[in-house]
Amino acid sequence: MTAIAFPEVGGRGTGRAGPPAARDLPALRAAAPLRRVTNTCYLLAVIAINFTLFRPSPVDVLFVLALAMSLLSGQTITRNVFIFVSLILTWILSLYLSSLSLVANPEVAYYLVKISFAVSIGLCSALVAAHWTRDDLRRALKTFVLATVAAALIGSAGFLFGIDDLIWDGRAKAFLDDPNMFGAFLLLGLISCMYLLSEGGRRRVYGPALACIGMGLLLSFSRAAIMSGLVWGGVYFAYLNRRNLGRAGGYAAIATIVLALAVLVLSLTVDGLAEKLADRSTVAKDYDLGEGGRYNRYVLAIPFILDNPLGLGLLELERYFEEPIHNIWVSSFLNYGWLAGFAFTLLLIFTVAICASNLRRSRDPIFMAVTLAWIAVISCAFLHEAERWRHLWLITGLVWGVSVRRIAARPARGV
């Protein structure tokens, strides 16, 4: 059974919610056990993002189960969730309209299924998070830490021991598809770790976890992910220490020196690390520049977008360029059509508005953590093929799903 409740976007007020009406309590009590199972399935799926060696992978199965169970547990549909689902379905519809004529190509059919599964994670995330309390959201952030630490350890081991299945082009990727996806995934754990430490989390746990994630991020050699981590991690660090920036600056300087020394030691002891660092320490590589380079392709794509309102379709860009467009927003217009492009544009605008509204209404640092986690990942998505990034859709759906009223409210007795 589905209920319509709690309008959110653009709403005013304190963000506080009163207890449920007496007539709603029996239904809430009946749905509570199934929702707990749904939450557990969802969090297990987050951890399973690390394992994608075959299709359908465990993460896809778990997220589909969580989505199905959420719909059977008295699902609440907020206005945010309704708008999010509408925009996502519009984007998916445009994707299929642009590519259905190409499904005779097995690779196109494979990518259609792969992207569909990834996007469905966003729908699952929004629906599951619509029922969350603050404790549920904290538990999710702890799970992000666990999942990303596992990924960082696997990727780092792959790099250090030269395990081919765990690296790509000499860069750590763990069991994910490529180092850029791997690096962007670690950003969720980076921000979550910083939040949990700021809220009094166990330093003996989250301190080493943060160092482990930082090492994995470095060994991904993903320029976008590393820069995003430095910028948005730095912004979050300044926000958390805004009342004592001088002392925080001292800690940051010490951390920078320690990190530099650690990198120096590793460069001298790990074969190939110094060369890889030198190779990746550039703003632009050869494939970024020139007539057909990554950055110029954004300009060259404009005539294709204007001439193809329905989009080129999946993989059709290979007929004109040697590499994909590497920008999820431009790709939406170019490959999937104007409808997908405008849907994704609205998705970006509304997500920013929701983040700002949540921060303004709640004044809760947990919303700053969620906001910066989304910004860190979406920053990477503007430089890569991110349509198939499960964690991108996961954190986007979470932003749309969580309710300020539920996060701020105390649970009703007996629920």
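This one's a predicted model, so the numbers in the text were calculated from it and none came from an experiment.

A side chain with one charge can pair with a side chain of the opposite charge if their charged atoms come near. On inspection of all chains with the given rule, the structure shows nine salt bridges. D177 serves as the salt-bridge partner of R388, at 3.2 Å between the closest nitrogen and oxygen. Of this pair, R388 sits in the loop between α14 (365–381) and α15 (390–401) while D177 sits in the loop between β4 (171–172) and α6 (179–198), placing them 211 residues apart in sequence. Note on D177: relative accessible area 24%, which makes it partly exposed. Salt-bridge contacts for D178 lead to R388; the nearest nitrogen and oxygen are separated by 3.3 Å. Taken together, the positions of D178 in the loop between β4 and α6 and R388 in the loop between α14 and α15 put the pair 210 residues apart, joining distant regions of the chain.

The geometry of an aromatic ring pair is captured by two quantities: the separation of the ring centres and the angle between the planes. Per the counting criterion, the structure on display carries 15 aromatic pairs. Centroid distance W91 to Y336: 5.3 Å. Interplanar angle 75°. Geometry classified as edge-to-face. Pair noted here: W91 is in helix α3 (residues 79–99) and Y336 is in helix α12 (residues 328–336), with a separation of 245 residues, a long-range link. Of the residues examined, W91 reaches a relative accessible area of 1% and is grouped as buried.

The next thing to look at is the nonpolar core. With 108 residues, the main nonpolar core has Y42, F63, W91, W132, W389 and W393 as its most contacted residues. Sequence-distant contacts of W132, defined by excluding residues within four places in its chain, comprise N39, Y42, L137, A140, L398, V402, R406 and I407. One finds L312, I325, F333 and L334 within the second-largest nonpolar core, a separate group that totals 10 residues.

Of all residues in the chain, 84% attain a pLDDT of 70 or more, and the chain-wide mean is 85. Put simply, strand β1 (residues 2–4) is where the chain has its lowest mean pLDDT, 43, and α15 is where it has its highest, 96. Taken as a whole, residues 9–25 scores under 50 in pLDDT and shows 19 contacts with residues more than four places along the chain or in a different chain. Residue range residues 410–415 is modelled with pLDDT below 50. Its contacts to residues more than four positions away, or to other chains, number seven contacts.

What follows concerns the environment of W400. Structurally, the position occupied by W400 is in helix α15. It is 9.3 Å that separates the C-alpha atoms of W400 and T78, two residues lying 322 residues apart in sequence. Sequence-distant contacts of W400, defined by excluding residues within four places in its chain, comprise N80, V81, I83, F84, L87, L347, F350, T351 and I354.

This paragraph deals with a nonpolar patch on the surface. Where nonpolar side chains cluster on the molecular surface, the patch consists of V299, I302, L306, W338 and F342 and spans about 510 Å² of accessible area. Where the nonpolar patch is concerned, the elements lending two or more residues are α11 (294–307) and α13 (338–362). No other element matches α11, which puts three residues into the nonpolar patch. Locating F342 in the fold gives a position in helix α13.

Cut-offs applied
Residues numbered from 1 in each chain as written. Predicted model: local features only at pLDDT ≥ 70, side-chain atom pairs only at ≥ 80, totals over all residues. Heavy atoms only, no water. Salt bridge = Lys/Arg side-chain N within 4 Å of Asp/Glu carboxyl O. Helix = DSSP H or I, 4+ residues; strand = E, 2+ residues; numbered from the N terminus. Buried < 20%, exposed > 50% of the residue type's maximum accessible area, 1.4 Å probe, protein only. Phe/Tyr/Trp six-rings, centres within 6.5 Å; stacked < 30°, edge-to-face > 60°. Core = buried A, V, L, I, M, F, W, Y, C linked by side-chain atoms within 4.5 Å. Contact = heavy atoms within 4.5 Å. pLDDT = per-residue confidence, 0-100. Patch = residues over 30% accessible without salt bridge, like charges linked within 9 Å, V, L, I, M, F, W, Y side chains within 5 Å. Areas by Shrake-Rupley, 256 points an atom, 1.4 Å probe, with all protein chains shown as cover.

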